[in-house]
Amino acid sequence: MRGQLTFQYTLLFSIILLIAAGLLFGILHWIIYWNIDNELQDEANRVKQYVQILHHKPQLALNSARASAEQINSLNTIFRLAQVSDAQGQLIKQSPVLSMLGFSLRPSQLKHILVERPNFYSWGAPRSEEIRFANAIIYGPQGHPYLLQIGTRLKPINDALDTFLWVLLMLLPVTIVLSAAGGSVMAARTLKPVADMTHAAQSITATNLGRRLPTRGRGDELDELAETFNAMFARLEESFQRMREFSANVSHELRTPLQAMQGETELALVSQPSMAEYRRVLESNLEEIDRLNRMIRNLLVLAQADAGEVQPRLELIDLNELVRDLVEQMQIVASARELQLRTFTSAPTPVRADSLRLRQMVLNLIDNALKYTPAGGWVEVRVERRHSAAQVQVRDSGIGISQEDLPHIFERFYRADKSRTRDGRADGCGLGLPIVKWVAEIHGGSVEVSSLPGQGSSFLVRLPLAGAA
Ligand SMILES: Nc1ncnc2c1ncn2[C@@H]1O[C@H](COP(=O)(O)OP(=O)(O)O)[C@@H](O)[C@H]1O
Ligand SMILES: [Mg+2]
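Keep in mind that what you see is a predicted model, and the values were worked out from it rather than measured. (Residues numbered from 1 in each chain as written. Chains lettered and ligands numbered in written order. Predicted model: local features only at pLDDT ≥ 70, side-chain atom pairs only at ≥ 80, totals over all residues. Heavy atoms only, no water.)

### A word on the pattern of salt bridges
Thinking step 1. Counted under the stated rule, the structure contains 23 salt bridges.
Thinking step 2. Between Glu264 and Arg280 there is a salt bridge, with its nearest N and O atoms 3.4 Å apart. Of this pair, Glu264 sits in helix α6 (residues 221-270) while Arg280 sits in helix α7 (residues 275-307); the two residues are 16 residues apart in sequence, bridging distant segments of the chain.
Thinking step 3. Its relative accessible area of 38% is what places Arg280 among the partly exposed residues.
Thinking step 4. Here Glu283 makes a salt bridge to Arg279, at a shortest N to O gap of 3.6 Å. One end of the pair, Glu283, and the other, Arg279, are both in helix α7, four residues apart, so they sit about a helical turn from each other.
Thinking step 5. The class for Glu283 is partly exposed, based on a relative accessible area of 45%.
Thinking step 6. Three or more residues joined by partner-sharing salt bridges are found here, namely Arg342, Glu380, Arg382 and Arg395. (Salt bridge = Lys/Arg side-chain N within 4 Å of Asp/Glu carboxyl O. Helix = DSSP H or I, 4+ residues; strand = E, 2+ residues; numbered from the N terminus. Buried < 20%, exposed > 50% of the residue type's maximum accessible area, 1.4 Å probe, protein only.)

### Regarding the confidence of the model for the protein
Thinking step 1. Mean pLDDT for the protein: 88, with 94% of residues reaching 70 or above.
Thinking step 2. This model gives residues 421-426 a pLDDT under 50, and the stretch forms twelve contacts once residues within four places in sequence are excluded. (pLDDT = per-residue confidence, 0-100. Contact = heavy atoms within 4.5 Å.)

### Observations regarding the nonpolar core
Thinking step 1. If you look at the biggest cluster of nonpolar residues, it comprises 50 residues, and the most contacted ones within it are Leu341, Val351, Leu358, Met361, Ile366 and Val381.
Thinking step 2. The set of elements that each furnish at least two residues to this core consists of α7, α8 (319-336), β10 (350-353), α9 (355-371), β11 (378-386), β12 (389-396), α10 (432-442) and β14 (456-464).
Thinking step 3. Of the domains in this structure, domain 2 (221-305) and domain 3 (311-464) are the two that each give at least three residues to this core.
Thinking step 4. Ignoring sequence-local partners within four residues, the contact set of Met361 consists of Val436, Val439, Ala440 and Val461.
Thinking step 5. Core analysis: the second largest hydrophobic core is formed by 21 residues, Ile36, Val84, Ala136 and Ile138 among them. (Core = buried A, V, L, I, M, F, W, Y, C linked by side-chain atoms within 4.5 Å. Domains from an automatic or database assignment.)

### A look at the pairing of β12
Thinking step 1. In terms of burial, β12 is largely enclosed, as seven of its eight residues are buried.
Thinking step 2. Of the strand pairs in this sheet, β11 and β12 are connected by eight bridges, and their pairing is antiparallel. When the sheet's bridge partners are listed, Val381 is paired in β12 with Val394.
Thinking step 3. The hairpin formed by β11 and β12 contains two residues between the paired strands, and His387 there has a positive phi angle of roughly 55°.
Thinking step 4. Across seven bridges, β12 lies against β14 in antiparallel orientation. Residue Gln391 lies in a different strand from β14, and its bridge partner there is Arg462. (Pairing = 2+ DSSP bridges.)

### Brief notes about the site of ligand 1
Thinking step 1. Around ligand 1 there are 21 residues in total, and Asn368, Tyr372, Asp396, Gly430 and Leu433 lie nearest to it.
Thinking step 2. Within the backbone of Gly430, an N or O atom sits 2.8 Å from an oxygen atom of ligand 1.
Thinking step 3. Separating a nitrogen atom of ligand 1 from a side-chain N or O atom of Ser457 is a distance of 3.3 Å.
Thinking step 4. Coverage of ligand 1 by the protein amounts to 98% of the 530 Å² it exposes when considered alone.
Thinking step 5. When the residues that make up the shell around ligand 1 are grouped by side-chain class, the tally is eleven nonpolar, six polar and four charged. (Near = heavy atom within 4 Å. Polar contact = N/O pair within 3.5 Å; in protein donor to acceptor, adjacent residues only side chain to side chain. Areas by Shrake-Rupley, 256 points an atom, 1.4 Å probe, with all protein chains shown as cover. Nonpolar A, V, L, I, M, F, W, Y, C, P; charged D, E, K, R; others polar.)

### Quick look at the packing of helix α1 (residues 2-50) against helix α5 (residues 155-202)
Thinking step 1. Between α1 and α5, the least distance of the axes is 8 Å, while the angle of their chain directions is 160°. Here α1 is positioned roughly antiparallel relative to α5, judged by the angle of their axes. Where α1 crosses over α5, the handedness of that crossing is right-handed.
Thinking step 2. Among the residues forming the contact of α1 with α5, the class breakdown is 25 nonpolar, nine polar and one charged. (Axes fitted to C-alpha atoms, helices over the stretch in contact; angles between N-to-C directions. Parallel < 35°, antiparallel > 145°, perpendicular 65-115°, else oblique. Left-handed = near helix turned anticlockwise from the far one by under 90°.)

### Overview of the sheet that holds β14
Thinking step 1. In spatial order, the strands read β9-β11-β12-β14-β13; together these five strands make up an open sheet with mixed pairing. Unpaired on one side and paired on the other, β9 (340-344) and β13 (446-452) mark the two borders of the sheet. Taken over all neighbouring pairs, the strand axes of this sheet differ in orientation by 15° on average, direction set aside.
Thinking step 2. Judged from the seven bridges that link them, β13 and β14 form a sheet pairing that is antiparallel. Each residue of the ladder has a partner; that of Leu452, found in β14, is Gly456.
Thinking step 3. Packing against the sheet, α10 makes contact with β13 and β14, and its axis sits at approximately 140° to β13.

### A short note on the side chain of Gln83
Thinking step 1. With respect to the element layout, Gln83 can be found in strand β3 (residues 82-85).
Thinking step 2. Side-chain polar atoms of Gln83 contact the side chain of Gln94, separated by 3.0 Å.
Thinking step 3. In terms of polar contacts, Gln83 uses its side chain to reach the side chain of Gln149, at 2.7 Å.

### A closer look at the packing of aromatic side chains
To describe a pair of aromatic rings, one takes the distance between the centres and the angle between the planes.
Thinking step 1. Enumeration according to the criterion identifies eight aromatic pairs in this entry.
Thinking step 2. Measuring from centroid to centroid gives 5.4 Å for Phe246 and Phe413, while their planes differ by 50°, and the two rings are tilted. With Phe246 in helix α6 and Phe413 in the loop between β12 and α10, the pair connects residues that are 167 residues apart, well separated along the chain.
Thinking step 3. You can call Phe246 partly exposed: its relative accessible area is 26%.
Thinking step 4. By relative accessible area, Phe413 is classed as buried at 4%.
Thinking step 5. For the ring pair Phe410 and Phe459, a centre distance of 6.4 Å and an interplane angle of 75° mean the geometry is edge-to-face. (Phe/Tyr/Trp six-rings, centres within 6.5 Å; stacked < 30°, edge-to-face > 60°.)

### A short note on the sheet that holds strand β7 (residues 145-153)
Thinking step 1. Strand order in this open sheet of five strands is β4-β3-β7-β6-β5, and the pairing throughout is antiparallel. Edge positions in the open sheet fall to β4 (91-94) and β5 (120-124), since each of these has one partner strand only. Adjacent strand axes in the sheet meet at a mean angle of 25°, parallel and antiparallel pairs treated alike.
Thinking step 2. Examined bridge by bridge, β3 and β4 share three bridges and lie antiparallel to one another. Considered in β4, the bridge of Gln83 is made with Gln94.
Thinking step 3. Against the sheet, α1 contacts β5, β6 (130-139) and β7, and its axis sits at roughly 30° relative to β6.

Take a look at the structure:
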C-alpha cells in the first residue's frame, strides 16, 4: 500500500507539475512577445514622424539642435534595424546592421506587405537569427505609399526562453524524485498506525482476549477501525467467557447427581441391604437419572438454538386451548403442593407457532411458579389479546425474585438462591427460563418479568397474533 500510495501521489504530482510548467512557459512566452510587439509598434509610430520621403529618398525631418532624448532614442533604432522600401518592393534604404545580418526580402514579399499591411512581420529561423518587424506606412509628396519597417532581434529573448525551458526540464526530474521521497515518507507515516494495529491484533489470541488495539484518540477513520475491532474483541471475550462458564456449569451440574448415584450404589454394594433398600436406591437413582435426562434434553435444545439449527414447525394454534390443556395437566402437581392453580382465558387467541416448543415454554413458566410458591399460595395463568399481540401471563404469590437476581434469571444455569433450591423439591438447574426466552424469540415475541420479593412474580410472554400481520 505504501508503494502504491507513493506511486499514485508521485504520478499525480508529476502530471500537475508538467501542466504547470507548460502553462508557465507558454504564458511567459506570450507576455514577452506581446510586449515586444507593443514596443515595436510604438517605435514605428514614433519614428514615422521624423521620416519624410523627398526625391524618392527617406530623409530625417529633425532639428538636431532641438532633438529630445526620445527623438535621439528613436534615431538609435533607425540606425540599428530599420529599412524603407517603395511601392514596387524596391529597397531604398536599409540600416547597415540589417544588411550585415543578411536580411533581405524579395520585392514581391515587400509589395505583399505593403498591400496587406499586417502590423508585424517575422523573418528568419526561430532557433537562429530571427527579426521581428513592426510595419508602418509613410506617404511621399505625391501620396505614394512607402513601407517603413522597424525591427528587433529576437535571438536574445529566444535564447533566454530556451534557457528557462532547459532549467525547467532539468528541475522536473529533481522535483519528481523529491516528491516521491516525500510521498513515501508521508505514506509510511499515514500507514504506521495500521502496522501498529496489525502487530497488536497478531498478539491477541484466545488466551489474552482482554488485550485491545491502541487508539490514538483522534477520532479519525483509523481510530474508528480500532474501536470497531475492540468492540468485536470485547464481544468475543464475553462469549469465550460465557463458554468457559457454561462448560464449568455443565460439568458441575452433571457431577452432582452422578456423585450421589455413585455414593448410594457403592454403599448398597458393600453393605448387604434388604430388597426394600435396593429398591430405595434404585428409585433414588432413577430420580437422578431423570434429572440428568431432563437437563441433557434442555442442553440439547439450547445447543441447537445456538447453532441456529431449529426451524420452528409453525402451525395455527389457539393459545387458550394450549394453556387450558397444560393447566389441567399441572393440577395434580399443584394440589400435591397445596397450591391453587387457576386459568383465565379469553376470546380465541390464534398464534402461528410450533406447538411442542410453545407447550414447553408455558410448562417451564408454570413449573417455576409452582416450584417457587410456598404451600397455600396461588398461581394464575392468563391469556389475553392486546392489539396485534397474544399474551400469556403467569403470575404467582410466591417468594419473588430480588432486584439483584432479576436481570440474570434468563441466563443459563442462573438460579437465584442456590441453597434454597437444594431441598430436593426445586430440582431445576437454571435452564428453564433461557428456553422460555429462546422460544418466545424464535416466534417473534418477547418475555418480560416483574417481581417483588415475598409477594410474587409475574412473567409476561408476548407473541404476534396470527393473521394480525
Ligand atoms: N416464579 C418464580 N418465582 C421466583 N423465582 C423464580 C420464578 N421463576 C424463576 N425464578 C428464579 O429464576 C431462576 C431461574 O429459573 P429457571 O431458569 O427456570 O431455573 P430453575 O427453575 O431450574 O431453577 C430460578 O432459579 C429462580 O431463582
Ligand atoms: Mg425452571
